[in-house]
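Breakdown of the fold
Chain residues, written in single-letter form:
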Amino acid sequence: FVLEVMGRHCGYLALVSALACGADWVFFPEMPPEDGWEDNMCQKLSENRADKKRLNIIIVAEGAIDCRNKAITPDYIKDLVVGRLGLDTRVTILGHVQRGGTPSAFDRILASRMGVEAVVALLEASADTPACVVSLVGNEAVRLPLMECVQITQEVQKAMDEKNFDEAVRLRGRSFEHNLSTYRLLASRKADSELPNSSFNVAVLNVGAPAAGMNAAVRSAVRVGITEGHKMFAVNDGFEGFHKGQIKEIKWGDVGGWTGQGGSLLGTKRTLPGKHLDKIAEQMRIHNINALLVIGGFEAYMGLLELSSARDKYSEFCVPMVMIPATVSNNIPGSDLSIGSDTALNAITDTCDRIKQSASGTKRRVFIIETMGGYCGYLATVGGLAAGADAVYIFEEPFDIRDLQTNVEHLTHKMKTSIQRGLVLRNENCNENFTTDFIYQLYSEEGRGVFDCRKNILGHMQQGGAPSPFDRNFGTKVAAKAIQWITRMLKESYKGGIVFANSEESVCLLGMRRRAMVFQPLAQLQGETDFVHRIPKDQWWLKLRPVMKILAKYKIDYDVSESGQLEHVTQVRPKESDFSACI
C-alpha cells in the first residue's frame, strides 16, 4: 500500500505516521532519498517478502522530493514496485479526511491548556512584550517570540532550497530529529555481519495490567537491542513466567506488526517477584541475563524495588535494570505520562460523547459515569476536562456532602439555560462511602422535577483497544531510549568478563518530567510515593482541575504562578545529558 498524506512543506505527518504504523519506507521534503533509492527500496521490499511479510506500507508526503528536487508521487512508486517486483500495489490518497473528524482527548486537553496560557499571556503582557506563540514542550507550556518562530520556519525552507537537508531537519526541532533517528533505527534491518557483537543478553518483560502501547515498546526495544548487538530475550507472563522459565530468544521478525496491537502479546501478570527471588535468580543465571527492561505499571515499580533490595543476597540481580511506565491509571511516580493512558482517555472521551449524544432528544438529563484508575484521579480529571464534565470526584481532592449539594444546585441552575445536559465523572476509589450508586441516588432525589439521572460504569473498555498514535510513538521512542541507556550501562559495568552493577543509578525509571525524559533511580523515587494508595505524592494534573471547574462555569480563582515564561527558541532545546534528554 502506498499512502499519500498531507505535508507539502513539512514532513511531520508522514514521519510520525510512519513511526506509528511501522511503515517500510517514508518520503518527506526535509530528507530526500539519495540517488539509487529505487533499487534500495525494491531490495528491502523483496527481503520483506522473503521473510514472509505479506503487507508493506509506504508513506509519501505530498511535498516529497528526491535529492535532485524531482517530485516523488504515489503513482510513480506504484509503477516502480509493479514494474520491478510484480507486487499487487494499491494507492490511497487520504486528502482532507485528515482534517476532519472528532478531536482526540490529547487535542482537547492541548487546546484547553493553550487557551488558558494564551489568556494569561495577554493579561501579563505590557506595551514592551513582543508578540508570542503559546506552545507545549514535553509536558510544559512555553511562550516563544512570534518573529523568532517565523524566522526559524523560513530558515527551514531556505535550507531545503540550498539542499542542506541535515540543517533543515535540525531546524525542525529536537522532537523531529528524535522521530527521524528512531524511525531509522527501527526500519532498516542490518545484515548479521554488520551488527556489533556485544555478547550481552537483555530480557524484556511486561508486568501488571495490560496497557495499549506495550507491544510497540517491546517491538522497539527488541529491534534497537538487536541493532546494538545484544541478544534479546522475551519473558512471558511477567515475573510469574520469569520464575517458571518462560523465557525465549526473540528475533527481529518476531515483533513485526506489533506496533498497532492492543493488550500485551508477551502476556502480563500482576505477580510480584518477592516470593520467587531464588527461582528468578536461577533463570537469570541459566540464560545469562545481563540486563532487564521492565514495561508496566505499579507492580513493575514494586517488582524492581524488590529485585534491587535483594542484590546483597543474589548477585544475579546486580545488573542494569530500567522500567518504562505503562499503565492506563498513570499513577507511577517519576513520570508525568504513562504508555496506555492516552488510549484510555480517548475511550473515556469517546464514550462520554456518545452518552451525551444519546440525550440529544431528551431534555434535562444528568449522567453519572465511573472511571478506572484505582486511587489515582488522572483518568477522571483529564477525561472530564476533555469531555466537558460539570463535576469530577477524585480521591486526591477530598469532598463532603456540602460539595455534592453545591454541584447539584449548580446543575439545577444550568438546566434553566439552553444547555440541558449534565456530565459527572467519579473515580472508582474516590470515596468509600460516596459510591457511584449513592451519588446517582442523591442527584436523582435532589434533582427530582428538574432533571433525571442515568449512571454508567465504563469498566475494562478503558483498558482495551488498539493503541492511539500517541501511545504507539511514546512507547516506541521511550523503549529505544531505554535500550540505549542499557547499552551504555552494560559497557560501564562490564569488568573482568562479567557485568556487575549494584549502584542506585543502575536501577532506574525512565519517565517524562516536565519537558525532559529523565532516568531516575528508583531508590530516590520511594520518597515521592504513597505506597498505601499506589499513587505519587505530587501530581501535575491537579493543576488542571481549576480549568475544568472554570469551564463548567464555577466561580473560582486560577493560580497563574506556574504559567509559561517568554523564552527564546534556541533555549527551548535543552542540551543532551547523561540522565536527561528531550523527546
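Residues numbered from 1 in each chain as written. Predicted model: local features only at pLDDT ≥ 70, side-chain atom pairs only at ≥ 80, totals over all residues. Heavy atoms only, no water.

If you check an unreviewed UniProt entry, the protein appears there as Phosphofructokinase, platelet b from Nothobranchius kadleci. Under the Cofactor (unreviewed entry) heading, UniProt states for the protein: "Mg(2+)". In its Catalytic activity (unreviewed entry) section, UniProt records this for the protein: "beta-D-fructose 6-phosphate + ATP = beta-D-fructose 1,6-bisphosphate + ADP + H(+)". (UniProt positions renumbered as here; feature names shortened; annotations may be inferred.)

A look at the pairing of strand β7 (residues 201-207)
In terms of residue burial, β7 counts as a mostly covered element, since seven of its seven residues are buried. By the alternation rule, side chains of β7 split into Asn201, Ala203, Leu205 and Val207 and Val202, Val204 and Asn206, which are all buried. Here β7 pairs with strand β8 (residues 231-235) via five bridges, running parallel. What sits directly across from leucine 205, in β8, is valine 235. Running through helix α8 (residues 214-227), the crossover from β7 to the neighbouring parallel element β8 is right-handed. Sheet topology note: the β7/strand β11 (residues 291-296) ladder contains six bridges and is parallel. Within β11, the residue paired with alanine 203 across the bridge is leucine 292. Here β7 runs beside strand β10 (residues 268-269); their pairing, made up of two bridges, is parallel. Looking across to β10, one finds that asparagine 206 is bridged to threonine 268. (Buried < 20%, exposed > 50% of the residue type's maximum accessible area, 1.4 Å probe, protein only. Helix = DSSP H or I, 4+ residues; strand = E, 2+ residues; numbered from the N terminus. Pairing = 2+ DSSP bridges. Right-handed = clockwise from strand over helix to strand, strands pointing away.)

Quick word on the packing of aromatic side chains
One pass over the full model with this rule turns up 18 aromatic pairs. Ring geometry for phenylalanine 434 and phenylalanine 438: centres 5.3 Å apart, planes at 35°, overall tilted. Take phenylalanine 434: its relative accessible area is 15%, and that puts it in the buried class. Cluster of aromatic residues (ring-pair linked, three or more members): Trp25, Phe27, Trp37 and Tyr76. Above the ring of tyrosine 76, the side-chain terminus of lysine 70 is found at 5.5 Å from the ring centroid. (Phe/Tyr/Trp six-rings, centres within 6.5 Å; stacked < 30°, edge-to-face > 60°. Lys NZ or Arg CZ within 6 Å of the ring centre and 35° of its normal.)

Regarding helix α5 (residues 146-161)
Helix length check: α5 (16 residues) gives 23 Å between terminal C-alpha atoms against 22 Å at 1.5 Å per residue, within 8%. All buried positions along α5 are accounted for by Cys149, Val156, Ala159 and Met160. Along the long axis of α5, the arc covered by the buried residues comes to 100°, so they all point the same way. Relative to its buried face, α5 has exposed residues pointing more than 90 degrees away, namely Met147, Gln154, Lys158 and Asp161. Elements in contact with the buried residues of α5: β5 (132-137), β6 (140-145) and α6 (165-172). At the exit of α5 stands lysine 163, carrying a positive phi of roughly 60°. (Expected span 1.5 Å × (residues − 1). Arc of directions from axis to C-beta. Contact = heavy atoms within 4.5 Å.)

Details of the side chain of threonine 381
As for its position among the elements, threonine 381 is in helix α13 (residues 378-387). Among the polar contacts made by the side chain of threonine 381, one reaches the side chain of arginine 545 at a distance of 3.0 Å. Apart from the residues within four sequence positions on either side, threonine 381 is in contact with Val392, Ile394, Trp541, Arg545 and Met548. (Polar contact = N/O pair within 3.5 Å; in protein donor to acceptor, adjacent residues only side chain to side chain.)

Observations concerning the sheet that holds strand β2 (residues 25-27)
In any sheet, the strands associate via hydrogen bonds between backbone groups, in a parallel or an antiparallel arrangement. The strand order β2-β3-β1-β4 describes an open sheet built from four strands, whose pairing is parallel. Bordering the open sheet on either side are β2 and β4 (91-93), each of which pairs with just one other strand. On average, adjacent strands in this sheet sit at an angle of 15° to one another, irrespective of strand direction. Judged from the four bridges that link them, strand β1 (residues 2-5) and strand β3 (residues 58-61) form a sheet pairing that is parallel. Bridge assignment links glutamate 4 to a residue of β3, and that residue is valine 60. (Axes fitted to C-alpha atoms, helices over the stretch in contact; angles between N-to-C directions.)

Regarding the pattern of salt bridges
Evaluation of the coordinates by the stated rule reveals 29 salt bridges. As a salt-bridge pair, glutamate 240 and lysine 269 come within 3.4 Å of each other at their nearest N and O atoms. Placement of glutamate 240 in helix α9 (residues 238-244) and of lysine 269 in strand β10 is noted, with a sequence separation of 29 residues between them. Put simply, Glu140, Arg514, Arg515 and Glu567 are held in one network by salt bridges that share partners. (Salt bridge = Lys/Arg side-chain N within 4 Å of Asp/Glu carboxyl O.)

Topic: α8
Residues spaced three or four apart along an α-helix point in a common direction, a consequence of the helix completing one turn every 3.6 residues. Look at α8: 20 Å from first C-alpha to last across 14 residues, which is about the 20 Å you get at 1.5 Å a residue. Where burial is concerned, most of α8 is hidden: 14 out of the 14 residues are buried. Positioned one or two residues after α8, glycine 229 has a phi angle of 100°, which is positive.

Considering the domain arrangement of the protein
According to the domain assignment, the protein contains domain 1 (2-98), domain 2 (105-172), domain 3 (201-339 + 468-536) and domain 4 (348-463). Between domain 1 and domain 3, the contact holds five residues from the first and six residues from the second. Counting the surface lost from both domain 1 and domain 3, the interface buries some 440 Å², and carbon and sulfur atoms represent 56% of this. Interface area lost by domain 1 to domain 3 is led by Leu19, Ala20 and Gly22, which between them contribute 84%. On inspection of domain 1 and its partner domain 3, the count reaches zero salt bridges. Inspection of the domain 1/domain 3 interface yields three residue pairs in polar contact (both at pLDDT 80 or more). Looking at the side of domain 1 that touches domain 3 residue by residue, the classes come out as four nonpolar, one polar and no charged. (Domains from an automatic or database assignment. Buried area = accessible area lost by both parts, 1.4 Å probe. Nonpolar A, V, L, I, M, F, W, Y, C, P; charged D, E, K, R; others polar.)

A word on unusual backbone geometry
Positioned with a positive phi, asparagine 330 is a non-glycine residue whose angle comes to about 55°. By the secondary structure assignment, asparagine 330 is in the loop between β12 (321-325) and α12 (341-358). Take asparagine 330: its relative accessible area is 2%, and that puts it in the buried class.

Let's talk about the state of the cysteines
Inspection of every chain in the model, using the stated rule, returns zero disulfides. You can see cysteine 67 has no disulfide; the closest cysteine sulfur is in cysteine 42, sitting 16 Å from it. Distance from the sulfur of cysteine 352, which forms no disulfide, to the nearest cysteine sulfur (cysteine 453) is 15 Å. We classify cysteine 352 as buried; its relative accessible area is 0%. (Disulfide = S-S within 2.5 Å.)

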